[in-house]
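Chain and residue survey
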Amino acid sequence: MRLLSRLLRDRLVHFAVAGALLFALAPAVDDSRVSVSRGYLQSLHAAQARRLGVQKLSLERAAEVDRRALEDEVLYREAVRLGLDRDDGLVREHLIQKMLLLAEDLDGASREPTRDEVKGYFERTRDRWRDDERVHLVHVFATRRELAESLADAVHAADAAHPDLAPPVGEAFARSRDVRGSREDFAASYGDRFADAVFALEPGQWSAPLESRFGWHLVKVLQHAAGAQASFDEVYDRVRLEYAVVHRHEAIAHFLEQAFHRYHVDIDGAPVRGYEPTERLALRTTPSQED
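Not measured: the values here are computed from a predicted model. (Residues numbered from 1 in each chain as written. Predicted model: local features only at pLDDT ≥ 70, side-chain atom pairs only at ≥ 80, totals over all residues. Heavy atoms only, no water.)

The next subject is the sheet that holds strand S1 (residues 134–142). Strands sit in the order S2-S1-S4-S3 across an open sheet of 4 strands; the sheet is antiparallel. The open sheet has two edge strands, strand S2 (178–182) and strand S3 (210–211), and neither has a second partner. With respect to the sheet, helix H9 (residues 183–190) is in contact with S1, S2 and strand S4 (216–225), its orientation differing from that of S2 by roughly 120°. (Pairing = 2+ DSSP bridges. Helix = DSSP H or I, 4+ residues; strand = E, 2+ residues; numbered from the N terminus. Contact = heavy atoms within 4.5 Å. Axes fitted to C-alpha atoms, helices over the stretch in contact; angles between N-to-C directions.)

What follows is the structure in structure tokens.
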């Protein structure tokens, strides 16, 4: 009696009993046939050979791979029969991702777009594809504002002799004193305030000291080029990437809209109305450029 009492308190015994009941009460599978294609097994042989760094598996190793594949299929069928796929967050997320991939595949969004498809998207969104506004400037540098202000006379004297060159005055600066770029380029290197100030300058005039993340600069804009409509070839890579993302979003949204009509969806009994799909992409084992 004491032994029986101890067994009933033992968690391992509880687990074994529960497992036995689970197997006994689980429904039988509708289809008891387990079929694996020879082509699938050959792909497993090739993958294992690559991992081992050999040209071809031995007959013994290939047979082991075959047995493992059959075991995996039986284990998977048993897991589904016992309902182990339910209420599992990892399994749930994996199946969601597989459905998203399927939605993209069904609409052809997972293949590389053709040049004509990209060109069509470019034409529909033409106003968005412009060359960046750019400036070309020269400058002198000082670590303190007062020092930058004191350089003004020397800067103007040097400018009178060579108006298109950076005057050889001021403190040493690790970066070029003759710079070209977009507002984003200047913001990334010198900071947003400096970039905004530079793009507000009139060309041909030396500025008052402008502060950057490095210190202070006297700046002369030599050329200010406004943004212009870009040609298709100039922005092809950017357009192709954006089109691929948009196509994938649209494919998933279309699939979800159709799928929602097959269900009565509610929150605590209140029907969900006016559903609009969110923007999402399937996660890929090998990410593409747009991921």
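Once you've had a look at it, read on.
What follows concerns the side chain of Thr125. Relative to the assigned elements, Thr125 resides in the loop between helix H6 (115–124) and S1. There is a polar contact of 2.8 Å between the side chain of Thr125 and the backbone oxygen of Tyr121. (Polar contact = N/O pair within 3.5 Å; in protein donor to acceptor, adjacent residues only side chain to side chain.)

Turning our attention to the pairing of S1. Within S1, 8 of the 9 residues are buried, which leaves the element mostly enclosed by the surrounding structure. The sheet contact formed by S1 and S2 spans 5 bridges and is antiparallel. Paired with Val138 across the bridge in S2 is Asp178. Pairing geometry for S1 and S4, over 9 bridges, is antiparallel. In the strand pairing of S4, Arg134 is matched with Ala225. (Buried < 20%, exposed > 50% of the residue type's maximum accessible area, 1.4 Å probe, protein only.)

Keep in mind that these numbers describe shape and distance, not what the molecule does.
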